[in-house]
Amino acid sequence: MIKMVALDLDGTLLTSDKKISPKNEASLKKITEEGIKVVLCTGRPINAIWKYIEQLGLTDSEDYTITFNGALVIQNPDRIPLAKKGIQKDQLGLLHDFCVNGGYPLDILDFEQVYPITDLTPSVYQKMLNANIEFTPQSFDQIPDQAYTKAVMATDADILDRVVTEITPVMDQQYHVVRSQPKILEFLDHDMDKSVGLKSLLSHYGWDFSNLMAFGDAENDAGMLQNAKVGVVMANGKPEIKRLGTDVTLSNDDDGVAAFIDNYF
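For every chain, the first residue of the written sequence is number 1, and numbering continues from 1 onward in sequence order. This being a predicted model, a pLDDT of at least 70 is required before a residue's local features are given, and a value of 80 or more before pairs of side-chain atoms are given or counted; all residues contribute to the totals for chains, interfaces and linings. Values shown for side chains rest on all heavy atoms present in the structure; no hydrogens or waters enter the calculation.

Chemist: Which residues make up the nonpolar core, and what values go with them?
Modeler: In plain words, nonpolar cores are sets of buried Ala, Val, Leu, Ile, Met, Phe, Trp, Tyr and Cys residues tied together by side-chain atoms within 4.5 Å. Any residue under 20% of the maximum accessible area for its type is buried, any over 50% is exposed, and the rest in between are partly exposed; the area is computed with a 1.4 Å probe on protein chains only. Counting residues in hydrophobic clusters, the biggest one holds 44 residues, and the most contacted among them are V5, L7, L13, L28, L40, Y125 and F215. Sorting elements by how many residues they give to this core places helix α3 (residues 50-56) first, with four residues. We call two residues contacting when some pair of their heavy atoms lies within 4.5 Å. Apart from residues no more than four positions distant in its own chain, V5 is found in contact with I31, I36, K37, V38, V39, M213, F215, I261 and F265. Listed in part, the 24 residues of the second largest apolar core include L92, C99, L106 and V163. Working definition: helices are DSSP H or I runs of at least four residues, strands are E runs of at least two. Numbering for both runs from the N terminus.

Listed below in structure tokens is the structure:
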């Protein structure tokens, strides 16, 4: 029995102009009233998506969000962490060297702020994220020796296309590399993805993946689409992502989330 619906944002729940459509909003509020947990799953911090949480009314003490692609599960109204797991600074040295040699930008995120790495090519991540989160420019040597949620390359899509071809086998072993948007490439701890955070949250409620329906469209949704009892891929998703799910729905601009939910429940 499905008891939780997990939703990616960009390319999935959100339209191309970054809005939750009235149909999607109504369908999600309806299943929430019926006792099904709705959980937003994103690579962003919670501050960056708070308007969507408020729009859907996910502000009770038992409402949570999966942030940083699974690295942090956070309670919505009081911002209390339920589960968190990061990647250590020394593990990011390999990635930093790769960016130095390739002339690529890098932003490194802890659980509260972003560090644009100043000894590298300037990044456009702050402009792209456009969120209420502190940016603290630092060289790689200056950032604290602590755990981080992820590192991000934000640049032109054609540059990231090249980066993907240059990733070495050693980097593949060290990081879980996902293309969350055409202009954003993310480097997570090797075993980290949204399904890690969802597993913790499901356990919190006494449930497991057999109780989960997940919606997604991109590489950073792969884990939750594969693990969920019902994995729904948007029509705008890539063919290789569609093969990971159990179902395909309409596109994010055609109320695909609402179309599937209204038919299923």
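So, next bit.
Chemist: Lay out the packing of helix α2 (residues 22-33) against helix α11 (residues 256-264) in plain terms, naming residues and giving numbers.
Modeler: With their axes 8 Å apart at the nearest point, α2 and α11 run at an angle of 35 degrees to one another. Handedness of the α2/α11 crossing: left-handed. Here α2 contributes K23, N24, S27, L28 and I31 to the contact with α11, which in turn contributes V257, A258, I261 and D262. Of the residues belonging to the contact of α2 with α11, the class tally is five nonpolar, two polar and two charged. Angles shown run from 0 to 180 degrees and are taken between the N-to-C directions of axes, each axis being a line fitted to C-alpha atoms and, for helices, limited to the stretch in contact. Crossings are assigned a handedness: left-handed for a near helix turned anticlockwise from the far helix by less than a right angle, right-handed for a clockwise turn. Each residue is assigned to one of three groups, with Ala, Val, Leu, Ile, Met, Phe, Trp, Tyr, Cys and Pro labelled nonpolar, Asp, Glu, Lys and Arg labelled charged, and all others, Gly among them, labelled polar.

Chemist: Tell me about the packing of aromatic side chains, and name the residues and values.
Modeler: Only centres within 6.5 Å qualify two rings of Phe, Tyr or Trp (six-membered ring in Trp) as a pair; their planes then separate them into stacked at under 30 degrees, edge-to-face at over 60, and tilted for everything else. Summed over the entire model, instances satisfying the criterion amount to nine aromatic pairs. Taking the centre distance of 5.7 Å and the plane angle of 35 degrees together, the rings of F98 and Y104 count as tilted. The burial state of F98 is the same as that of Y104; both residues are buried. On the numbers, 5.9 Å between centres and 90 degrees between planes, the contact of Y175 with F187 is edge-to-face. In this pair, Y175 sits in strand β12 (residues 175-181) while F187 sits in strand β13 (residues 184-189), placing the two residues twelve residues apart along the sequence. Exposure class is identical for Y175 and F187. Each is buried. Taken together through their ring pairs, the aromatic side chains of F215, F260, Y264 and F265 make up a single cluster.

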